[in-house]
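In case you want the letters, here they are:
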Amino acid sequence: MRTGIHPDYRTVVFHDTSSDTYFAVGSTMRTDRTIEWEGREMPYVAIEISSASHPYYTGKQKEFSKEGSTARFQQRFGRFLTPKSA
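Model, not experiment: these values are computed from the prediction.

(A) Here's a closer look at the overall build of the protein. Looking only at helices and strands, one finds two helices and four strands in the protein. In the protein, the succession of α and β elements from N to C terminus is β-β-β-β-α-α. The buried share among the 86 residues of the protein stands at 16%. A fraction of 35% describes how many contacts in the protein between residues 6 or more apart in sequence connect residues 24 or more apart. As displayed, the protein has an accessible area near 7,600 Å², and 52% of this comes from carbon and sulfur atoms.

(B) Representation of a nonpolar patch on the surface. On the surface, a cluster of nonpolar side chains totalling about 430 Å² of accessible area is made up of Phe73, Phe77, Phe80 and Leu81. By secondary structure assignment, the location of leucine 81 is in helix H2 (residues 69-81).

(C) Structural view of the packing of aromatic side chains. Applying the stated criterion across every chain, the model contains three aromatic pairs. Look at phenylalanine 14 and phenylalanine 23: their rings are 5.9 Å apart centre to centre, the planes differ by 20°, and that puts the pair in the stacked class. Residue classification places phenylalanine 23 among the partly exposed positions, given a relative accessible area of 27%. Seen in terms of ring centroids, phenylalanine 73 and phenylalanine 77 are 5.2 Å apart; in terms of plane orientation they differ by 45°. Their pairing is tilted. Within this pair, phenylalanine 73 and its partner phenylalanine 77 are both found in helix H2, separated by four residues, close to a single helical turn.

About the criteria used
- Residues numbered from 1 in each chain as written.
- Predicted model: local features only at pLDDT ≥ 70, side-chain atom pairs only at ≥ 80, totals over all residues.
- Heavy atoms only, no water.
- Helix = DSSP H or I, 4+ residues; strand = E, 2+ residues; numbered from the N terminus.
- Buried < 20%, exposed > 50% of the residue type's maximum accessible area, 1.4 Å probe, protein only.
- Contact = heavy atoms within 4.5 Å.
- Areas by Shrake-Rupley, 256 points an atom, 1.4 Å probe, with all protein chains shown as cover.
- Patch = residues over 30% accessible without salt bridge, like charges linked within 9 Å, V, L, I, M, F, W, Y side chains within 5 Å.
- Salt bridge = Lys/Arg side-chain N within 4 Å of Asp/Glu carboxyl O.
- Phe/Tyr/Trp six-rings, centres within 6.5 Å; stacked < 30°, edge-to-face > 60°.

Written as structure tokens, this is what we have:
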């Protein structure tokens, strides 16, 4: 490997601010902030969303109707499309 061309890979502490969860992961992300983590001074990055707070991973995602877009359209606008009886 050539020296000086690869990013600095190290353990970084990420803080999910929406769920107040901390986790340490190997990363090349650059940051000037540090935090005391398990007795060591480590790089720190605050993020807004992670698997701890994302609706897909927590099971709190919106459930859409399973009947399909055509059925939803007919339910909403079908009365306008049917011919009026005399």
